[in-house]
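A look at the structure
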Amino acid sequence: PDVSASGGGGGGAAGGQLEAAHAAVLQSAAAQGELETRVQQLENELAEARAEADALRATADGTSAKRIRELEKMALAKSAEVVAQGEKNLTLQKKLERVGKQHAELKGESAAVRAELIKGIAGDGADVSLYTHVPLQE
């Protein structure tokens, strides 16, 4: 059962950790989406710069050669930027996985604590699933 959806505010420290982990998962996912968008933009810019460099190579006069060198430097810089963004993306992906695992563990701990509380209140024979709508108070 999703304790945060029931409006109970978690179950003490485990509930707070669960909410913090959930917020971190959402924030990491949003940041990863932004980085993936930026990587795609950089790859498009790189492709455009390479296409322009190829077109200028075809003319092969002195001015074009200078422009080609400039575009090649720009393409190299964009490549380095794409690699840096990709590395950030991988770092965020690892963080997202780590936080997701923590979120799942805390959710499981919260469910176990909830079950023990319900059994303590309603007795050992209580069906925990009948009390999923009841919020946990701090």
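Remember, predicted model here, so these are calculated numbers, not experimental data. Per chain, residue numbering runs from 1 following the sequence as it is written. Under the rules for a predicted model, residues below a pLDDT of 70 receive no local features and side-chain atom pairs below 80 are neither given nor counted, while totals for whole chains, interfaces and linings still include all residues. Excluded from the side-chain calculation are hydrogens and water; included are all heavy atoms of the structure.

1. With respect to the overall build of the chain
Elements are defined by DSSP. Helices are runs of H or I of four residues or more, strands are runs of E of two residues or more, and each kind is numbered from the N terminus. Secondary structure assignment for the chain yields two helices and zero strands. Relative accessibility under 20% of the residue-type maximum defines a buried residue, over 50% an exposed one, and the middle range a partly exposed one, all with a 1.4 Å probe and only protein chains included. Burial analysis of the chain (138 residues in total) assigns 26% to the buried set. The long-range share in the chain, meaning contacts at least 24 apart out of those at least 6 apart in sequence, stands at 67%. Areas reported here follow the Shrake-Rupley algorithm with a probe of radius 1.4 Å; residue values treat only the protein chains shown as occluding. With an accessible surface of roughly 8900 Å², the chain has 56% of that area assigned to carbon and sulfur atoms. Any two residues whose heavy atoms approach within 4.5 Å are treated as being in contact.

2. Observations regarding the environment of Asp-127
On the secondary structure map, Asp-127 appears in the segment after α2 (62-122). In sequence terms Asp-127 and Ala-115 are 12 residues apart; their C-alpha atoms lie 8.9 Å from each other. Pairing of N or O atoms within 3.5 Å defines a polar contact, subject to two protein rules: one partner must be a possible hydrogen donor and the other a possible acceptor, and residues neighboring in sequence count only if both atoms are side-chain atoms. A polar contact of 2.8 Å, which involves the side chain of Asp-127, links it to the side chain of Ser-129.

3. Here's the deal with the side chain of Lys-78
Position of Lys-78 relative to the elements: it lies in helix α2. What Lys-78 contacts, discounting residues up to four positions off in sequence, is Leu-42, Glu-45 and Leu-46.

4. Some details on the pattern of salt bridges
Salt bridges, as used here, are contacts in which a Lys or Arg side-chain nitrogen is within 4 Å of a carboxyl oxygen on Asp or Glu. What the rule picks out here adds up to four salt bridges. A salt bridge links Arg-38 to Glu-81, with the shortest nitrogen-to-oxygen separation between them at 2.9 Å. A residue pair is termed long-range when its members are at least 10 positions apart, and Arg-38 in helix α1 (residues 13-59) and Glu-81 in helix α2 qualify at 43 residues. Looking at Arg-38, the relative accessible area reads 29%, which means it is partly exposed.

5. Concerning the environment of Ala-65
Along the chain, the position of Ala-65 falls in helix α2. Judged by its relative accessible area of 27%, Ala-65 is partly exposed. Put simply, Ala-65 and Ala-53 are 12 residues apart on the chain and 9.3 Å apart in space, counted from C-alpha to C-alpha.

6. Here's the deal with the environment of His-22
Of note, His-22 is situated in helix α1. As a C-alpha pair, His-22 and Lys-107 span 85 residues in sequence and 9.7 Å in three-dimensional space.

7. Considerations on the confidence of the model for the chain
The pLDDT score gives, residue by residue, the confidence of the prediction method on a 0 to 100 scale. Summing up the model confidence of the chain, the mean pLDDT is 82 and the portion of residues at 70 or higher is 87%. Note on residues 1-10: pLDDT is under 50 here. Beyond four places in sequence and across chains, it has 17 contacts.

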